[in-house]
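Listed below, chain by chain, are the residues.
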Amino acid sequence: MKTKAAILREAPGKWEVTELNLGEPGPRDVQIRIEAAGLCHSDDHFATNDTPAAYYPLIGGHEGAGVVTAIGSEVRSVEVGDHVITIFIPSCGRCRWCASGQGNLCDEGARIMALGAGEDSYHFTTVDGVGVGQMALLGTFAQHTVVPEQSVIKIAKDIPFTSACLVSCGVPTGWGAATNAGGVRAGDTVIVMGTGGIGINSVQGARHVGAAHVLAVDPQPLKRQRALELGATEVFSSIEDATARAQQLTNGQGADSTLISVGVMTSDMVGQAFSSIRKGGTVVVTSLGNFAETGIPVNLLELSMYQKRIQGSLFGAQAPVAIVPQLFELYSTGALKLDELVSDAYTLDQINEAYADMHAGKVMRAVIAMDH
């Protein structure tokens, strides 16, 4: 079939909406009519070249929700007509990591930087026959896509697509940074550094497990206000002010954990977060920065003698197949807010406008409501 998609031809670059050819699904593939796609900052890293792609042209998008329109002969977990979300880390269910409940570290994750079909082939081609890659094997910035069965999770049909697509990445990543990777407990003092698409859900997660003080940091007034509405106890425009407040609240000790979820991370930010936590505290890193930046400015004596921890967190350090149903159950009871996260819905043709609004701090979460 022919389908519209937003692609990058180079980086740094802008998204170009064009018509592509899409092949039939292979034996273990699922074809999806995308109804909504989240505009995650990770996709923008490919446009700015902070995260370089291995090939161009490349279809962006990894947060997606839609309807299954065809399946391969070996697919068993979904059927035509099912509603699904996409997951950017495939989960095989058999490797060491999946078997131990750490599906976010599945060995199949090595495929997400491979070619479009995860092998030496492409699902998409341009009108003149050039292969087109898919971000994380997905490419949800397209009206239709073909993805591995391991990259989809079935959801209930009464969940709005524009809300459901956020649970593909930003919601579980932020939620798990607090509840799992950060080990936030009732009574804790927590700093959330950056309250965009990921950090706002760290705020929700910290609130859910009973943190006494959730200090949200963001330079954008809109995001500070939304953080207050969704569980932050106080908001700040700088990490320095939040650190001083955390120390005031804890007799000079500092935050129990600081969760970094800024749009573009630098090494200095990790150092600032490290200075904000108490003895035995934890810094959780979910953000991405320039792939070439290395080194963290922390005092090595303080690292060992204060027993501080810097913890990386992928998908909230939790298995997608386990956490996604739980989050939708919390949504159904009102304990997790999803609809309230969506500031604006854009058409696919407006994708560059949507990302400009994100950079300007005009939106909490922008989504593409796909036209068909």
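Residues numbered from 1 in each chain as written. Predicted model: local features only at pLDDT ≥ 70, side-chain atom pairs only at ≥ 80, totals over all residues. Heavy atoms only, no water.

## A look at the overall build of the chain
Which entries qualify depends on this criterion: Only runs of H or I of at least four residues qualify as helices and only runs of E of at least two qualify as strands under DSSP, and these elements are numbered from the N terminus. Radius of gyration here is computed from C-alpha atoms only, and the compact-globule reference equals 2.2 Å multiplied by the residue count raised to the power 0.38. Only protein chains enter the accessibility calculation, which uses a 1.4 Å probe; a residue whose area is less than 20% of its type maximum is buried, one above 50% is exposed, and one in between is partly exposed.
What the chain contains, in helices and strands, is 11 helices and 18 strands. Compactness check: the chain gives a C-alpha radius of gyration of 20 Å against a globular reference of 21 Å for 372 residues, within 12% of the reference. With the C-alpha coordinates of the chain rotated into their principal frame, the extents come out at 65 × 40 × 35 Å. Counting across all 372 residues of the chain, residues that qualify as buried make up 56%.

## Some thoughts on the packing of helix H4 (residues 170-181) against helix H10 (residues 320-333)
Operational definition: To obtain each axis, a line is fitted to C-alpha atoms, and for helices this fit is confined to the stretch in contact; angles are then taken between N-to-C directions over 0 to 180 degrees. An angle below 35 degrees is treated as roughly parallel, one above 145 as roughly antiparallel, one from 65 to 115 as roughly perpendicular, and anything else as oblique. The criterion used for residue contact is that any of the two residues' heavy atoms lie within 4.5 Å. Residues were grouped as follows: Ala, Val, Leu, Ile, Met, Phe, Trp, Tyr, Cys and Pro as nonpolar; Asp, Glu, Lys and Arg as charged; and all remaining residues, including Gly, as polar.
Packing of H4 against H10 brings their axes to within 11 Å, and their N-to-C directions diverge by 90°. In terms of orientation, H4 and H10 fall into the roughly perpendicular class. Where H4 abuts H10, its residues Val 171, Pro 172 and Trp 175 lie against Ile 323, Leu 327 and Leu 330. When its residues are assigned to classes, the contact of H4 with H10 shows 6 nonpolar, no polar and no charged.

## Brief notes about the nonpolar core
The line we're drawing: Throughout this description, the term nonpolar core refers to a set of buried Ala, Val, Leu, Ile, Met, Phe, Trp, Tyr and Cys residues connected via side-chain atoms within 4.5 Å.
If you look at the biggest cluster of nonpolar residues, it comprises 88 residues, and the most contacted ones within it are Ile 59, Ile 85, Phe 141, Val 324 and Phe 328. Leaving out residues up to four positions away in the same chain, Val 324 has contacts with Ile 85, Ile 87, Ile 153, Val 167 and Phe 315. Formed by 17 residues, the second largest nonpolar core is a distinct cluster that contains Ile 191, Leu 215, Ala 273 and Val 283.

## Side note on a nonpolar patch on the surface
Short version of the rule: A residue counts toward a patch only above 30% relative accessible area and without a salt bridge, and it is joined to like-charged neighbours within 9 Å or, for Val, Leu, Ile, Met, Phe, Trp and Tyr, to nonpolar neighbours within 5 Å. Computed with the Shrake-Rupley method and a 1.4 Å probe, the accessible areas treat only the protein chains shown as cover for residues. The term salt bridge refers to a side-chain nitrogen of Lys or Arg lying within 4 Å of a carboxyl oxygen of Asp or Glu.
A surface patch of nonpolar side chains, amounting to about 360 Å² of accessible area, comprises Leu 301, Met 305 and Tyr 306. When you line up the elements, Met 305 lands in helix H9 (residues 300-305). Among the residues examined, Met 305 registers a relative accessible area of 60% and is labelled exposed.

## Let's talk about the environment of Ala 366
You can see Ala 366 is positioned in strand S18 (residues 365-369). Taking the C-alpha atoms as reference points, Ala 366 and Tyr 346, 20 residues apart in sequence, are found 7.3 Å from one another. Look past the residues within four positions of Ala 366 in its chain and what remains in contact with it is Gly 38, Leu 39, Asp 344, Tyr 346 and Ala 354.

## Description of the sheet that holds strand S7 (residues 124-126)
Let me state the cut-off plainly: Strand pairing follows a simple DSSP-based rule, namely that at least 2 bridges must link the two strands.
The strand order around the closed barrel built from 5 strands is S1-S2-S7-S8-S4, with neighbouring strands paired in mixed fashion. As paired elements, strand S2 (residues 16-22) and S7 share 3 bridges and run antiparallel to each other. Paired with Leu 22 across the two strands is Phe 124, which belongs to S7.

## Topic: the packing of helix H1 (residues 41-48) against helix H11 (residues 351-359)
In a pair of packed helices, the angle between the axes and the distance between the axes together describe the arrangement. Close contact between H1 and H11 brings their axes to 12 Å; oriented N to C, the two are set at 105°. As summarised for this structure, H1 and H11 are arranged roughly perpendicular, according to the angle between their axes. Along the contact surface, H1 presents His 41, Asp 43 and Asp 44, while H11 presents Tyr 355, Met 358 and His 359. Its residues placed into classes, the contact of H1 with H11 shows 2 nonpolar, 2 polar and 2 charged.

## Section: the domain arrangement of the chain
Operational definition: Just so you know, the domain bounds were taken from an automatic or database domain assignment. Buried area is understood as the total, over both parts, of accessible area removed when two parts are fitted together, assessed with a 1.4 Å probe.
By the assigned domains, the chain splits into domain 1 (2-169 + 318-369) and domain 2 (174-312). For domain 1 and domain 2, the distance between their C-alpha centres works out to 28 Å. Counting residues at the interface gives 22 residues for domain 1, matched by 22 residues for domain 2. Carbon and sulfur atoms supply 60% of the area buried between domain 1 and domain 2, which totals about 1900 Å² over both sides. Counting the surface domain 1 buries against domain 2, the share from its top three residues, Asp 50, Gln 318 and Met 364, is 29%. For the pair domain 1 and domain 2, the interface holds 0 salt bridges.

## As for unusual backbone geometry
Here Ala 11 and Pro 12 are connected by a cis peptide whose omega angle stands at -5°. Of note, the bond from Tyr 56 into Pro 57 is cis; its omega dihedral lies within 30 degrees of zero at -5°. Turning to its location among the elements, Pro 57 is positioned in the loop between H1 and strand S4 (58-59). Of note in the backbone geometry, Leu 137 takes a positive phi value of approximately 70° without being a glycine. Relative to the helices and strands, Leu 137 is located in the loop between strand S8 (131-134) and strand S9 (144-148). With a relative accessible area of 1%, Leu 137 lands in the buried category. Backbone geometry places Phe 315, a non-glycine residue, at a positive phi of 55°. On the secondary structure map, Phe 315 appears in the loop between strand S16 (309-312) and H10. Accessibility expressed as a relative area gives 1% for Phe 315, which makes it buried.

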